[in-house]
Protein chains: 2
Amino acid sequence: MEITEQLHAKGLKSTPLRSSLMKIFQDHHSPLSAEELESKLKGLDYDPASLFRCLKKFTEAQLIRVVDLGEGFHRFESICHVHSHHHHVMCNSCKKIETIPFCIPKEIETHLKKTGYSHLTHRMDFFGLCGSCS
Amino acid sequence: MEITEQLHAKGLKSTPLRSSLMKIFQDHHSPLSAEELESKLKGLDYDPASLFRCLKKFTEAQLIRVVDLGEGFHRFESICHVHSHHHHVMCNSCKKIETIPFCIPKEIETHLKKTGYSHLTHRMDFFGLCGSCS
DNA sequence: GTTTATGCAAATGGTTTGCACTCGA
DNA sequence: TCGAGTGCAAACCATTTGCATAAAC
C-alpha cells in the first residue's frame, strides 16, 4: 500500500512532512528519537512543533508506538504487525538499539493475576555494552 | 545507625532537609516522586532546587536509586541492601506501586551475552489494574 | 469550501545551574 | 575557618499549546 493510502486509511491527510516521516519509519526498524528524526528530515523545511504533532497523530493512529528507554526523551518506532510485541537491548556506549526475540515468562504475569492484578502489560529492556564496544 | 552517622559515613553533611529526607526514605519503601516527597516535607522550609540536589547526592552516594516508570518524572527509593534488586507493578488507576519478588529468566541474559553483550543490566516493570481498582 | 495541518511564538513541567550567602564539622 | 549545602532567580530541554495562515481533499 502506498504511503498516502496508508495515511488516508487512518483518516490522516498526506503532507510532505507526514509522508517523509512514514518513509523513515518504514526504512528504520529501531526506535528513533525526535532529534534523530530531525536529522533524517534534513532538507525538508518544517517546524519542530509539527513534527511532535505528527508523532502524536501517528501514535494515536497506531502507525507507530512510543518507546521510553529512560533517556529523558521519547523514541518512536513503526508498528510492524508481523513482530508486534518485542523488547530492546541498548548499548550504553554507542546507543545502538536492538530488538530481542524473548519475552518474560508467563509465570510472573500469572502470579500477578493471582494477587489481584488484571489488564497487565509490561516493559522490559536490557542495557549493556555491545560486541563492538566491549 | 543514626541518620546523621549514615550521612557522615557517605561523606555528606547532615542538614534539616537531608535528615528529613532520610527519615522519609526509611519509612517508605515504595518509590516516591519529588512531588510526593514535597508533600511529606510539608512544614519544613526548603527550596525545590535543594531537594533535587539532595536527591542527586543521595543517588551518587547509593543511599537511594532512581526509578523511572515512564511517567514523565522520576521516582526515588531507598536502597535496602537486604532486598537490593527487585521490580515493580504499578496500578494504572490508583498509581499504587508494589515490589515483586520475581526477576527475569537467566536464559535471556545468557543469550544476550552469547550475542556479544557484556555488563548487562535490565529494567522490568508491570502495569495493570490492582485488586481494588479492578 | 471545509476540514485538517502547519508555522510561529510563547508556555509548560520536570529538573538543573550560577551565584552569593550560610551553615555544619 | 572553610568547604559543602542552600535560597533565589534564571536557564534548560523535551514537548505542548494558542492562534492565524495555508494546504489537502
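Residues numbered from 1 in each chain as written. Chains lettered and ligands numbered in written order. Predicted model: local features only at pLDDT ≥ 70, side-chain atom pairs only at ≥ 80, totals over all residues. Heavy atoms only, no water.

Looking at the protein's contact with DNA strand D
Taken together, the neighbourhood of DNA strand D is formed by 23 residues, with A:His8, B:Lys13, B:Arg18, B:Asp47 and B:Ser50 sitting nearest. Close to the protein, within 4 Å, the atoms of DNA strand D belong to sugar or phosphate groups at a rate of 65%. Take A:Arg53: an N or O atom from its side chain is 3.2 Å from a base oxygen of DNA strand D. Within the backbone of B:Asp47, one N or O atom sits 2.8 Å away from a phosphate oxygen of DNA strand D. Of all the elements in the fold, those that place two or more residues in the surface near DNA strand D are α4 (48-60) of chain A together with α2 (16-27) and α4 (48-60) of chain B. When residues of the surface near DNA strand D are assigned to their parent elements, the largest contribution, five residues, is made by α4(B). (Near = heavy atom within 4 Å. Polar contact = N/O pair within 3.5 Å; in protein donor to acceptor, adjacent residues only side chain to side chain. Helix = DSSP H or I, 4+ residues; strand = E, 2+ residues; numbered from the N terminus.)

Some points on the interface of chain B and chain A
Each partner contributes to the interface: chain B provides 32 residues, whereas chain A provides 32 residues. Between chain B and chain A the total buried area reaches about 2800 Å² when both faces are included, carbon and sulfur atoms providing 61% of it. At the surface where chain B touches chain A, the tally comes to two salt bridges. A salt bridge links B:Asp125 to A:Arg123; the shortest N-O distance between them is 2.8 Å. Remark: the boundary between chain B and chain A carries 14 residue pairs in polar contact (both at pLDDT 80 or more). At the level of elements, β5 (97-100), α5 (106-114) and β6 (118-129) of chain B are the ones that each hand at least two residues to the side of chain B that touches chain A. The class makeup of the residues in the side of chain B that touches chain A is 16 nonpolar, 10 polar and six charged. (Contact = heavy atoms within 4.5 Å. Buried area = accessible area lost by both parts, 1.4 Å probe. Salt bridge = Lys/Arg side-chain N within 4 Å of Asp/Glu carboxyl O. Nonpolar A, V, L, I, M, F, W, Y, C, P; charged D, E, K, R; others polar.)

Brief notes about α4(B)
Residues and elements named next belong to chain B. Under the 1.5 Å per step criterion, the end-to-end length of α4 is 19 Å for 13 residues, consistent within 8% with the ideal 18 Å. Taken together, the buried positions of α4 are occupied by Leu51, Cys54, Leu55 and Phe58. Summarising the axial view, the buried residues of α4 lie within an arc of 100 degrees, below the 170-degree limit, and thus occupy one face. In α4, the exposed positions angled more than 90 degrees off the buried face are occupied by Arg53, Lys56 and Glu60. (Expected span 1.5 Å × (residues − 1). Buried < 20%, exposed > 50% of the residue type's maximum accessible area, 1.4 Å probe, protein only. Arc of directions from axis to C-beta.)

What about the side chain of B:His87?
Residues and elements named next belong to chain B. One can find histidine 87 in strand β4 (residues 87-91). A polar atom in the side chain of histidine 87 sits 3.2 Å from the side chain of histidine 122. Polar side-chain contacts of histidine 87 include one of 3.0 Å to the backbone oxygen of methionine 124. Apart from residues no more than four positions distant in its own chain, histidine 87 is found in contact with Glu98, Thr99, Ile100, Phe102, Cys103, His122, Arg123 and Met124.

Regarding the sheet that holds β6(B)
The mixed open sheet is built from six strands, whose spatial order is β5(A)-β4(A)-β6(A)-β6(B)-β4(B)-β5(B). Of all strands in the sheet, those with a lone pairing partner are β5 (97-100) of chain A together with β5 of chain B, marking the two edges. On average, adjacent strands in this sheet sit at an angle of 25 degrees to one another, irrespective of strand direction. Of the pairings in the sheet, the one linking β4(B) to β6(B) comprises four bridges and is parallel in character. (Pairing = 2+ DSSP bridges. Axes fitted to C-alpha atoms, helices over the stretch in contact; angles between N-to-C directions.)

Some thoughts on the nonpolar core
A:Leu112, A:Phe126, B:Leu112 and B:Phe126 are the most contacted members of the largest nonpolar core, which has 22 residues in total. Secondary structure elements with two or more residues in this core: β4 (87-91), α5 (106-114) and β6 (118-129) of chain A together with β4, α5 and β6 of chain B. Apart from the residues within four sequence positions on either side, B:Phe126 is in contact with A:Ile104, A:Ile108, A:Glu109, A:Leu112, A:Thr121, A:His122, B:His88, B:Val89, B:Met90 and B:Ile100. (Core = buried A, V, L, I, M, F, W, Y, C linked by side-chain atoms within 4.5 Å.)

A look at the sheet that holds strand β3 (residues 75-78) of chain B
All names here are of chain B. Taken together, the three strands give an open sheet; going across it, the order is β1-β3-β2, and neighbouring strands pair in antiparallel fashion. The open sheet has two free edges, formed respectively by β1 (32-33) and β2 (64-67), since each of these has just one partner strand. Each of β2 and β3 is contacted by α4, which is oriented at about 110 degrees to β2, the strand it contacts most.

Re the relation of the copies chain B and chain A
Each copy of the sequence occupies a distinct position, and chain B is placed on chain A by a rotation of 179 degrees and an axial shift of 0.1 Å, giving an RMSD of 0.1 Å. Given the turn and translation reported, the copies of this chain are related as if by a two-fold rotation axis. Taking the C-alpha atom as reference, chain B places B:Met124 closest to the rotation axis, 2.1 Å from it. Here 100% of the interface residues in chain B have copies in chain A that are interface residues too; the copies meet face to matching face. (Least-squares fit on C-alpha atoms with pLDDT ≥ 70 in both.)

Structural notes on the domain arrangement of chain A
All names here are of chain A. As far as domains go, chain A holds domain 1 (3-78) and domain 2 (87-128). Centre-to-centre separation of domain 1 and domain 2, based on C-alpha positions: 24 Å. With eight residues of domain 1 at the contact, the number on the domain 2 side is six residues. Where domain 1 abuts domain 2, roughly 580 Å² becomes buried across the two surfaces, and 64% of that area is made up of carbon and sulfur atoms. When the buried area of domain 1 at its contact with domain 2 is split by residue, Pro31, Asp68 and Leu69 rank highest and sum to 59% of it. Along the contact surface separating domain 1 from domain 2 lie zero salt bridges. For the interface between domain 1 and domain 2, the tally reads one residue pair in polar contact (both at pLDDT 80 or more). Residues that form the side of domain 1 that touches domain 2 fall into these classes: three nonpolar, one polar and four charged. (Domains from an automatic or database assignment.)

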